[in-house]
Amino acid sequence: MVYIKPIRETSVTIEALYALCNDAYRLWSDHGIDEPWMHRTIEEFKEAISDTMVFVALDADNHELLGMHCFRGNLKKRRAYGSYLAVSPKAFRRGVATRLITDTSENLRNAGFSHLIISTTVGAEWAVHCHLKNGFKLIGFRRAKSYNIDSYVFRKQIVPFTMLTAICHPVFSLYYNAAFCRCRYCYKYIVSIIRTSLLK
């Protein structure tokens, strides 16, 4: 069994999170994925998560650290940006990532957020599948020319759709429409490719 807690309610250290991420990134390396943030020092890692809400997944029996997920919030826009969704290799295929997404979504909804935004490398097929399986919609594409890395952008609405939502937030309500999300993705893909070509 696994349980999810904000890190402030646990004894988990930054050093333990850093070690977890390094272990998790071995899967990325095995698939030929190499990104700059995979090589951060512990000081750079601390700085990267210093202003985020950190949630950890712990084994219910021995309280061992099994996973983590970070979010940087913008309450004015009711939006939370996800990063560092990492699971220990020993806990792969145990539903830890799904539990992290589910429980953090509820926690963030209770804190006043309406939707989540997260990106993942195009080649990380397991991460893409995980987000789609857990209610995220593909809405965008990014190409980082300096790193030669392509990323998908996902969005998840964590507040149920109602008529009041449609009236008060008409733009937000469009994201419930699969056709709109597909069109937005295609638009972002084309714009990103054109912009990158012009910068060459």
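Summarised in this report is the structure supplied together with it. (Residues numbered from 1 in each chain as written. Predicted model: local features only at pLDDT ≥ 70, side-chain atom pairs only at ≥ 80, totals over all residues. Heavy atoms only, no water.)

**Notes on the overall build of the protein chain**
Link 1 in the chain: A count of helices and strands for the protein chain gives 7 helices and 7 strands.
Link 2 in the chain: Of the regular secondary structure in the protein chain, the N- to C-terminal order runs β-α-α-β-β-β-α-β-α-β-β-α-α-α.
Link 3 in the chain: For 200 residues, the compact-globule formula gives about 16 Å, and the C-alpha radius of gyration of the protein chain, at 17 Å, lands near that figure.
Link 4 in the chain: Expressed as lengths along the three principal axes of its C-alpha atoms, the size of the protein chain is roughly 45 × 45 × 30 Å.
Link 5 in the chain: Relative to its 200 residues, the protein chain shows a buried fraction of 40%.
Link 6 in the chain: Long-range contacts, defined as pairs at least 24 residues apart, comprise 63% of the intrachain contacts of the protein chain with a sequence gap of at least 6.
Link 7 in the chain: Surface exposure of the protein chain reaches about 11400 Å², of which carbon and sulfur atoms provide 55%.
Link 8 in the chain: The averaged location of the 17 negative side-chain charges in the protein chain is 12 Å from the averaged location of its 27 positive side-chain charges. (Helix = DSSP H or I, 4+ residues; strand = E, 2+ residues; numbered from the N terminus. Rg over C-alpha atoms; globule rule 2.2 N^0.38 Å. Buried < 20%, exposed > 50% of the residue type's maximum accessible area, 1.4 Å probe, protein only. Contact = heavy atoms within 4.5 Å. Areas by Shrake-Rupley, 256 points an atom, 1.4 Å probe, with all protein chains shown as cover. Lys, Arg positive; Asp, Glu negative; His and termini not counted. Charge placed at Lys NZ, Arg CZ, Asp CG, Glu CD.)

**Description of the packing of helix 1 (residues 14-30) against helix 2 (residues 42-49)**
Link 1 in the chain: Between helix 1 and helix 2, the least distance of the axes is 10 Å, while the angle of their chain directions is 105 degrees. Accordingly, the angle class assigned to the pair helix 1 and helix 2 is roughly perpendicular. For the pair helix 1 and helix 2, the contacting residues are I14, E15, L17, Y18 and C21 in the first and I42, F45, K46 and I49 in the second.
Link 2 in the chain: Its residues assigned to classes, the contact of helix 1 with helix 2 shows 7 nonpolar, no polar and 2 charged. (Axes fitted to C-alpha atoms, helices over the stretch in contact; angles between N-to-C directions. Parallel < 35°, antiparallel > 145°, perpendicular 65-115°, else oblique. Nonpolar A, V, L, I, M, F, W, Y, C, P; charged D, E, K, R; others polar.)

**Examining the sheet that holds strand 4 (residues 79-87)**
Link 1 in the chain: Judged by pairing direction, the sheet is mixed, and its 7 strands sit side by side in the order 1-2-3-4-5-7-6 without closing on themselves. The open sheet has two edge strands, strand 1 (2-6) and strand 6 (137-144), and neither has a second partner. Ignoring strand direction, the axes of neighbouring strands in this sheet form an average angle of 25 degrees.
Link 2 in the chain: The pairing of strand 5 (residues 115-121) with strand 7 (residues 149-157) spans 7 bridges and is classified as antiparallel. Each bridged residue has a counterpart across the sheet, and for H115 the counterpart in strand 7 is Q157.
Link 3 in the chain: Strand contacts of helix 3 (residues 96-110): strand 1, strand 2 (53-59), strand 3 (65-74), strand 4, strand 5 and strand 7, with the helix running at about 35 degrees to strand 3, the strand carrying the most contacts. (Pairing = 2+ DSSP bridges.)

**Things to note about the nonpolar core**
Link 1 in the chain: By size, the foremost hydrophobic cluster in this structure holds 25 residues, and its most contacted members are V96, L108 and L116.
Link 2 in the chain: Of all the secondary-structure elements, those providing two or more residues to this core are strand 1, strand 2, strand 3, strand 4, helix 3, strand 5, helix 4 (125-133) and strand 7.
Link 3 in the chain: With 5 residues, helix 3 is the single largest residue contributor to this core.
Link 4 in the chain: Here V96 is in contact with V2, A57, L66, G67, V87 and A91, once residues within four sequence places are set aside.
Link 5 in the chain: Among the nonpolar cores identified, the runner-up in size contains 23 residues, and V12, L17, L20 and A24 belong to it. (Core = buried A, V, L, I, M, F, W, Y, C linked by side-chain atoms within 4.5 Å.)

**Quick look at the side chain of N134**
Link 1 in the chain: Looking at where N134 falls in the secondary structure, it is placed in the loop between helix 4 and strand 6.
Link 2 in the chain: According to the relative accessible area criterion, N134 is buried, its value standing at 10%.
Link 3 in the chain: For N134, the side chain forms a polar contact with the main-chain oxygen of C130, separated by 2.8 Å. (Polar contact = N/O pair within 3.5 Å; in protein donor to acceptor, adjacent residues only side chain to side chain.)

**Some points on the packing of aromatic side chains**
Link 1 in the chain: What the rule picks out here adds up to 9 aromatic pairs.
Link 2 in the chain: Judged by centre distance (5.2 Å) and plane angle (90 degrees), the rings of F45 and Y84 are edge-to-face. With F45 in helix 2 and Y84 in strand 4, this residue pair connects regions lying 39 residues apart in the sequence.
Link 3 in the chain: For the pair Y152 and F154, a centre-to-centre distance of 6.3 Å together with 75 degrees between the ring planes defines the contact as edge-to-face. One exposure class covers both Y152 and F154, and it is buried.
Link 4 in the chain: Aromatic ring contacts, followed pair by pair, group F141, Y152, F154, Y185 and Y189 into a single cluster. (Phe/Tyr/Trp six-rings, centres within 6.5 Å; stacked < 30°, edge-to-face > 60°.)

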